[in-house]
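Overview (structure and organization)
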Amino acid sequence: SFGAGSPEVLAPKPAIIDEDILKTESVQKCISGIRSYLSAVKSMSATVAADSQADIGPSIRKELDFVQVRADFNGVTEAFDEDTQRGTDR
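Residues numbered from 1 in each chain as written. Predicted model: local features only at pLDDT ≥ 70, side-chain atom pairs only at ≥ 80, totals over all residues. Heavy atoms only, no water.

Structural notes on the overall build of the protein chain
On a plain count of helices and strands, the protein chain comes out with 5 helices and 0 strands. Listing every helix and strand of the protein chain by position from the N terminus yields α-α-α-α-α. Residue burial in the protein chain is summarised as follows: out of 90 residues, 20% are buried. In the protein chain, the proportion of contacts linking residues at least 24 apart, taken out of those at least 6 apart, comes to 67%. (Helix = DSSP H or I, 4+ residues; strand = E, 2+ residues; numbered from the N terminus. Buried < 20%, exposed > 50% of the residue type's maximum accessible area, 1.4 Å probe, protein only. Contact = heavy atoms within 4.5 Å.)

This is how it looks when you write it as structure tokens:
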């Protein structure tokens with residue numbers, strides 16, 4: 001898979017998470033955003049499973065603002081230690 005074998009990519013289990021930062025409003029807002037993206041992707045996946053010719057372009061543009069998606073993922077990584085953050089940047 002993409003990034004596999006990179007010395008900076010870490011397995012998720014040994015990641016060090018700062019629980020205090022994880023509980024902050026800003027990180028929790030980012031987590032909520034990521035959950036909404038997951039829901040949107042599952043919905044799009046179901047749509048394509050039902051109709052392989054479905055036009056999901058409008059849904060992608062509406063539900064997955066790429067600038068915000070990136071900001072939310074970067075926001076969540078604030079709760080990780082530096083080594084884990086380097087791995088998530090890959």
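Now that the structure is up, let's keep going.
Topic: helix H4 (residues 66-77)
Its 12 residues give H4 an end-to-end C-alpha distance of 17 Å, which sits within 8% of 16 Å, the value for a rise of 1.5 Å per residue. As for H4, its buried residues are in contact with helix H2 (25-50) and helix H5 (82-88). (Expected span 1.5 Å × (residues − 1).)

Some thoughts on the packing of H2 against H4
Two numbers describe how H2 lies on H4: the axes approach to 8 Å, and their chain directions differ by 130°. With respect to H4, the axis of H2 lies oblique. Read as a crossing pair, H2 and H4 show a hand that is left-handed. For the pair H2 and H4, the contacting residues are Val27, Cys30, Ile31, Gly33, Ile34 and Tyr37 in the first and Gln68, Val69, Ala71, Asp72, Phe73, Gly75 and Val76 in the second. (Axes fitted to C-alpha atoms, helices over the stretch in contact; angles between N-to-C directions. Parallel < 35°, antiparallel > 145°, perpendicular 65-115°, else oblique. Left-handed = near helix turned anticlockwise from the far one by under 90°.)

Considerations on the environment of Val27
Note that Val27 resides in helix H2. The class for Val27 is buried, based on a relative accessible area of 1%. For the pair Val27 and Gly75, spaced 48 residues apart in sequence, the C-alpha to C-alpha distance is 5.8 Å. Once you skip the residues sitting within four places of it in the chain, Val27 turns out to touch Ile21, Leu22, Gly75, Val76 and Glu78.

Focus on the confidence of the model for the protein chain
In the predicted model, the protein chain carries a mean pLDDT of 87, and the fraction of residues at 70 or more is 83%. No element of the protein chain has a lower mean pLDDT than H5, at 77, and none a higher one than H2, at 97. (pLDDT = per-residue confidence, 0-100.)

Looking at the environment of Asn74
Take Asn74: it is sitting in helix H4. Along the backbone, Asn74 and Thr88 are 14 residues apart, and their C-alpha atoms lie at a distance of 8.7 Å.

Comments concerning H2
Between the first and last C-alpha of H2 there are 38 Å, a value that for 26 residues agrees with the 38 Å anticipated at 1.5 Å per step. Among all positions in H2, only Val27, Cys30, Ile31, Gly33, Tyr37, Ala40 and Met44 are buried. Packing partners of the buried residues in H2 comprise helix H1 (19-22), helix H3 (57-63) and H4.

Observations regarding the nonpolar core
For soluble globular proteins, the rule of thumb is that nonpolar side chains tend to be buried together. Grouped together as the largest cluster of nonpolar side chains are 5 residues: Tyr37, Ala40, Met44, Leu64 and Val69. By residue number, the principal contributor to this core is H2, which donates 3 residues. Non-local contacts of Leu64, meaning those with residues more than four positions away in its chain, are made with Tyr37, Val41, Met44, Ser59 and Val69. (Core = buried A, V, L, I, M, F, W, Y, C linked by side-chain atoms within 4.5 Å.)

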